[in-house]
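# Descriptive analysis of the structure
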Amino acid sequence: MTEDLYHDIILDHYRAPRNRASDLDGAHVHVHHNNPLCGDELDLRLRVAPGEPAKIDAVVYDGEGCSISMASASAMTEAVAGRDLDDAEDLAASFRAMMHGEAVDRSDDLLDGIAFSGVAKFPVRVKCALLGWMALRDAIATFEQGEESHRVTHEEPSL
Ligand code: ZN
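Summarised in this report is the structure supplied together with it. Source: prediction; values computed, not measured.

Of all seven residues making up strand β1 (residues 29-35), six are buried, and the element is well covered by its neighbours. Bridge count for β1 against strand β2 (residues 40-49) is seven bridges, and the pairing is antiparallel. Looking across to β2, one finds that His33 is bridged to Leu42.

Let's shift gears to the pattern of salt bridges. For the coordinates displayed, the defined rule picks out nine salt bridges. Because the salt bridges share partners, they merge into one network encompassing Arg83, Asp87, Asp90, Arg106 and Asp109.

A separate point is the coordination of the zinc ion. Every protein donor of the zinc ion is accounted for by Cys38 (SG), Asp40 (OD), Asp40 (OD), Cys66 (SG) and Cys128 (SG), and the metal-donor separations fall at 2.2 to 2.6 Å. For the zinc ion, the donor residues sit on a single chain with the sequence spacing C-x1-D-x25-C-x61-C. Of the two residues, Cys38 sits in the loop between β1 and β2 while Cys128 sits in helix α4 (residues 123-144), which places them 90 residues apart along the sequence. Using a relative accessible area of 0% as the deciding quantity, one classes Cys128 as buried.

Conventions used here
Residues numbered from 1 in each chain as written. Predicted model: local features only at pLDDT ≥ 70, side-chain atom pairs only at ≥ 80, totals over all residues. Heavy atoms only, no water. Buried < 20%, exposed > 50% of the residue type's maximum accessible area, 1.4 Å probe, protein only. Helix = DSSP H or I, 4+ residues; strand = E, 2+ residues; numbered from the N terminus. Pairing = 2+ DSSP bridges. Salt bridge = Lys/Arg side-chain N within 4 Å of Asp/Glu carboxyl O. Donors = N, O, S within 2.8 Å, 3.2 Å for Na, K, Ca; no water.

Pasting the structure below:
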């Protein structure tokens, strides 16, 4: 696939966001993350379907930020919907590795998330692309710890 196609995919998620909402019925977790380097602000709400294993029943995001941060969060929601929590965590780790220029072992599972691979070349934007995925990992951890919601600010070395 070409960089042009990836660019189009990112633009499409920015213009026609998936699973963008400021509320979620029955949400178990709400986390707020921001990226002070760019000014991106992101709210993520997660609803978990109980079971063995527990699965992501619904995930929505909302926020204000650059096109990369918002589009990446949109693509993330599609890639993790319906996955069990460990699997979603593993996928987030795969995305993070990709953003650090490492080999991607789950490129098909990332769906449109793969379009952000080129962002790895721009260190300043890597945090933007990671924001939604890091919020997801935090939301899963928060759920597993039985907490409800909190805010996280990503300062420079935290990712
Ligand atoms: Zn940004």
